[in-house]
Amino acid sequence: MSANTKQEKPWNGRFTEPTDQFVEAFTASVSFDQRLYQYDIQGSIAHATMLQKVGVLTQDEQQQIVDGLKTIEKKIATGEFNWSISLEDVHMNIESALTQLIGVTGKKLHTGRSRNDQIATDIRLYLRAEINHILLELKRLQMTLIDLADRESDTIMPGFTHLQTAQPVTFGHHMLAWFENLYRDGQRLADCKKRTNQMPLGAAALAGTTYPIDRAYTAELLGFDSVCENSLDAVSDRDFAIEFSAASALIMTHLSRFSEELVIWSSAQFNFIDLGDAFCTGSSIMPQKKNPDVPELVRGKTGRVNGHLISLLTLMKSQPLAYNKDNQEDKEPIFDIIDTLRGSLKVYADMMAQVTVNKKAMYQAAKSGFSTATDLADYLVRADIPFRDAHDIVGQAVRLGVETCRDLSELTLDELQSFSSKIQSDVFDILTLEGSVSARNHIGGTAPEQVKQAVVRARERVS
Ligand code: ARG
């Protein structure tokens, strides 16, 4: 990027003194908004095509502009374009290059348009495309979790509340819980895309334009669902970006929670899963270490995205209508959210596809935590004991188990009957982990049979 090449600024007619050099660098956005170049050119081509349709540009002028913009697009893509800070932003760099390339006709491109509606359009086009990429990454992760749930539909693990052993669940059921989180995330993004896909172009600086523009035609050329209704709103609204950031922050928050589990589960103490060497790193001092860096880093990166959401809300909170230069500050948070989110979703889908599950350790852990205590209480309720009394009886049995280091299924029938005469030998069927999970056999329950059915439904929902 050339900082020193002084370029004629498109707006300097009313100025008598040059911009302070530091101010020029301070106010420039081209170092980061050049990322929008394809969308800026796409918008300009549609604008010029519309201007020709309504008779503001001739066919020849439109053709020169379109050809020129396509040449510039290629130059940028191949790294031959010389971005200039004195031309401030992506818009003025491209427009100025166009005029250099095709001459005076290039100066007609900006007719009936302002950078205010131009940037609002660019960022919506860009975000729309990125939401599509993110939805694909999200779907890949969703499918990976469904496959894992399918494979592990009858793998038993302890289910936790307060991170204490609660009741046995199936690992497949647990994976599908995260799938539900990510499914809602996909819906939120798709919903936010609807409000992103509306076209600000035509609002010009703030009040609209005196040219006989055909906004519906431009919107059609650009694939927008509709045009923004109000010109003041069109140039100043960044709600769609905030909604996108909120949806992204929630995705990262879900991945962060999931990461916490993966970190715990892959520890030597739990040993429930193995994350695969490709997704872990070692320690420079402790030879035995295999650290779960990927989930840790995703958990850490959640802070950035959640922070960007607050940045954008704060950016907007005091802005009067209509466009204000403050809005230039929306780009870097949005770009960083997209990079972070796309990276996190990609690495997660790759990692989860290679997770191996230690069924034995999970089973053992489920067995050692009195996870079938509720099943025994339910058994007593079926034998006509009120639930509160049943709860108390089982509590006494658990105390004996704790004192003698045995699970409920390892107590003798005599011992169990000493707490309640209603207990019969069939009690052992429900005290097993298999019996416990299979008994929760209703929609949304953890029974392997239900997990299999939920997997089928999940596949249908994402396809
Ligand atoms: N770089 C500006 C932005 O990101 C483009 C619009 C500038 N408009 C203006 N009137 N200064 O918002």
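Before reading on, note that the structure itself is shown above.
Chemist: Quick question: what am I supposed to make of the overall build of the chain here?
Modeler: Within the chain one finds 19 helices and 6 strands. Against the globule reference of 23 Å for 463 residues, the chain gives a C-alpha radius of gyration of 31 Å, more extended than a compact globule. The principal-axis extents of the C-alpha atoms in the chain amount to approximately 100 × 50 × 40 Å. In the chain, which comprises 463 residues, the share counted as buried stands at 49%. Restricting to contacts in the chain with at least 6 residues of sequence separation, those with at least 24 account for 75%.

Chemist: Just checking my understanding: could you explain the pattern of salt bridges for this structure?
Modeler: For side chains of opposite charge, pairing can occur when their charged atoms come near one another. In this structure the tally under the stated criterion is 29 salt bridges. Where Arg238 meets Asp330, a salt bridge forms, and the shortest distance between an N and an O atom there is 2.9 Å. Here the residue Arg238 occupies a position in the loop between helix H9 (231–236) and helix H10 (239–265), and Asp330 occupies one in the loop between helix H11 (293–316) and helix H12 (331–353), the gap between them amounting to 92 residues. Looking at Asp330, the relative accessible area reads 1%, which means it is buried. Of the charged contacts, one joins Arg299 and Glu260 as a salt bridge, the two residues approaching to 2.6 Å between their closest N and O atoms. Taken together, the positions of Arg299 in helix H11 and Glu260 in helix H10 put the pair 39 residues apart, joining distant regions of the chain. Classification of Arg299 as partly exposed rests on a relative accessible area of 29%.

Chemist: Mind showing me how you'd approach a nonpolar patch on the surface here?
Modeler: Where nonpolar side chains cluster on the molecular surface, the patch consists of Leu206, Leu232 and Leu321 and spans about 270 Å² of accessible area. Within the secondary structure, Leu321 sits in the loop between H11 and H12.

Chemist: Which parts of the structure should I look at to understand the site of the ligand?
Modeler: Taken together, the residues surrounding the ligand are Ser29, Asp33, Asp89, His91, Arg115, Asn116, Ile119, Tyr323, Gln328 and Lys331. The separation between a nitrogen atom of the ligand and a polar side-chain atom of Ser29 is 3.3 Å. In the model, an oxygen atom of the ligand is placed 2.7 Å from a nitrogen or oxygen of the Lys331 side chain. When isolated, the ligand has an accessible area of 340 Å², and the protein chains bury 86% of it. At 3 residues, helix H6 (residues 115–151) tops the list of elements feeding residues into the shell around the ligand.

Chemist: How should I be thinking about the packing of helix H3 (residues 37–53) against helix H8 (residues 215–222) in this particular structure?
Modeler: Pairs of packed helices are described in terms of their axes, by the angle between the two and the distance that separates them. The interhelical angle for the contact between H3 and H8, taken along N-to-C directions, is 140°, at an axis separation of 9 Å. It follows that H3 is oblique to H8 by the angle criterion. Once H3 is placed against H8, the crossing between them reads as right-handed. Of H8, the residues touching H3 (which contributes Gln42, Gly43, Ala46, His47, Thr49, Met50 and Lys53) are Tyr217, Thr218, Leu221 and Leu222.

Chemist: Help me understand the pairing of strand S2 (residues 164–170), please; the structure alone is not making it clear to me.
Modeler: Side-chain positions along a regular strand alternate between the two faces of the sheet. Where strand S1 (residues 156–161) lies against S2, 6 bridges are found, and the strand directions are antiparallel. The residue of S2 that forms the bridge with Met157 is Val169. Taking the residues that link successive antiparallel strands as the turn, the S1-S2 hairpin has 2 residues, and the phi of His162 there is positive, at about 55°.

Chemist: Explain the packing of aromatic side chains to me, please; I cannot follow it from the model alone.
Modeler: Aromatic ring pairs are defined here through the distance separating the ring centres and the angle between the ring planes. Tallying each qualifying case throughout the model produces 11 aromatic pairs. Ring plane angle 55° and centroid distance 5.1 Å describe the contact between Trp11 and Phe15, whose orientation is recorded as tilted. On the basis of relative accessibility, which here comes to 29%, the residue Trp11 falls in the partly exposed class. When the ring of Phe160 is compared with that of Phe270, the centres are 6.1 Å apart and the planes differ by 55°; the resulting orientation is tilted. Taken together, the residues span a long stretch of sequence, with Phe160 in strand S1 and Phe270 in the loop between H10 and strand S5 (273–274) at a distance of 110 residues.

Chemist: Would you take a moment to explain H8 for this structure?
Modeler: Counting along an α-helix, one turn takes 3.6 residues, and residues three or four places apart therefore face a common direction. Among all positions of H8, only Arg215, Thr218, Ala219 and Leu222 are buried. The buried residues of H8 occupy an angular sector of 100° when the element is viewed end-on, so they sit on one face. The outward face of H8, more than 90 degrees from its buried face, is lined by the exposed residues Ala216 and Glu220. The elements touched by buried residues of H8 are H3, H6, strand S3 (198–199) and strand S4 (226–227). Gly223 sits one or two residues past H8 and shows a positive phi near 75°.

Chemist: I'm lost on the environment of Asn197 in this one. Help?
Modeler: When you line up the elements, Asn197 lands in the loop between helix H7 (171–196) and S3. Spatially, the C-alpha atoms of Asn197 and Val398 are 59 Å apart, while their sequence positions differ by 201 residues. When residues no more than four places from it in sequence are discounted, the contact partners of Asn197 are Arg128, Gly223, Phe224, Asp225 and Ser226. Looking at Asn197, its side chain comes within polar contact range of the main-chain oxygen of Gly223, at 3.3 Å.

Chemist: It is not clear to me how the packing of H7 against H10 should be interpreted in this structure. Could you clarify?
Modeler: Taken N-terminus to C-terminus, the directions of H7 and H10 make an angle of 165°; their axes are 8 Å apart at the nearest point. As judged from the angle between their axes, H7 and H10 are roughly antiparallel. Note on packing geometry: the crossing formed by H7 with H10 is left-handed. Facing H7, whose interface residues are Phe171, His174, Met175, Trp178, Asn181, Leu182, Asp185, Arg188, Leu189, Cys192, Arg195 and Thr196, H10 presents Phe240, Glu243, Phe244, Ala247, Leu250, Ile251, His254, Leu255, Arg257, Phe258, Glu261 and Trp265. Taken together, the residues that form the contact of H7 with H10 break down as 14 nonpolar, 4 polar and 6 charged.

Chemist: Sorry, what's going on with helix H15 (residues 387–404) here?
Modeler: Its 18 residues give H15 an end-to-end C-alpha distance of 26 Å, which sits within 8% of 26 Å, the value for a rise of 1.5 Å per residue. Residues of H15 that are buried include every one of Ala390, Ile393, Val394, Ala397, Val398, Leu400 and Gly401, and no others. Projected down its long axis, H15 shows its buried positions confined to an angular sector of 155°, all on one face. Across H15 from its buried face, at more than 90 degrees, point the exposed residues Arg388, Arg399, Val402 and Glu403. The secondary structure elements touched by the buried residues of H15 are helix H14 (373–382) and helix H16 (413–417).

Cut-offs used in this document
- Each chain has its residues counted from 1, following the order in which its sequence is written.
- Only residues with pLDDT of at least 70 are given local features in this predicted model, and only at 80 or more are side-chain atom pairs given and counted; all residues enter the totals for whole chains, interfaces and linings.
- Think of the side-chain values as coming from all heavy atoms in the structure, minus any hydrogens and water.
- What counts as a helix is a DSSP run of H or I of at least four residues, what counts as a strand is a run of E of at least two, and both are numbered from the N terminus.
- As a reference, a globule follows 2.2 Å times the number of residues to the power 0.38, and the radius of gyration itself is taken over C-alpha atoms.
- Any residue under 20% of the maximum accessible area for its type is buried, any over 50% is exposed, and the rest in between are partly exposed; the area is computed with a 1.4 Å probe on protein chains only.
- Contacts between residues were defined by any pair of non-hydrogen atoms, one from each residue, lying within 4.5 Å.
- The salt bridge definition used is simple: a Lys or Arg side-chain nitrogen within 4 Å of an Asp or Glu carboxyl oxygen.
- Exposure above 30% relative accessible area and the absence of a salt bridge qualify a residue for a patch, where like charges join within 9 Å and nonpolar side chains (Val, Leu, Ile, Met, Phe, Trp, Tyr) within 5 Å.
- Residue burial considers only the protein chains on display, and all accessible areas are found by Shrake-Rupley using a 1.4 Å probe.
- In these notes, residues near a molecule or strand are those with any non-hydrogen atom within 4 Å of it.
- Any pair of nitrogen or oxygen atoms within 3.5 Å is treated as a polar contact; in protein, a donor-acceptor pairing is required on top of that, and neighbouring residues in sequence qualify only through side-chain atoms on both sides.
- Each axis is a line fitted through C-alpha atoms, taken for helices only over the stretch in contact, and angles between the N-to-C directions span 0 to 180 degrees.
- Any angle that falls under 35 degrees is termed roughly parallel, while one over 145 is termed roughly antiparallel, one within 65 to 115 roughly perpendicular, and all others oblique.
- Note on convention: the crossing is left-handed when the near helix lies turned anticlockwise from the far helix by less than a right angle, right-handed when the turn is clockwise.
- Pairing between two strands is assigned when DSSP locates at least 2 bridges connecting them.
- Only centres within 6.5 Å qualify two rings of Phe, Tyr or Trp (six-membered ring in Trp) as a pair; their planes then separate them into stacked at under 30 degrees, edge-to-face at over 60, and tilted for everything else.
- Of all possible arcs, the one meant is that of the directions from the helix axis to the C-beta atoms.
- Residues are grouped as follows: Ala, Val, Leu, Ile, Met, Phe, Trp, Tyr, Cys and Pro are nonpolar; Asp, Glu, Lys and Arg are charged; all remaining types, including Gly, are polar.
- By definition here, a helix of n residues has an expected span of 1.5 Å times n minus one.

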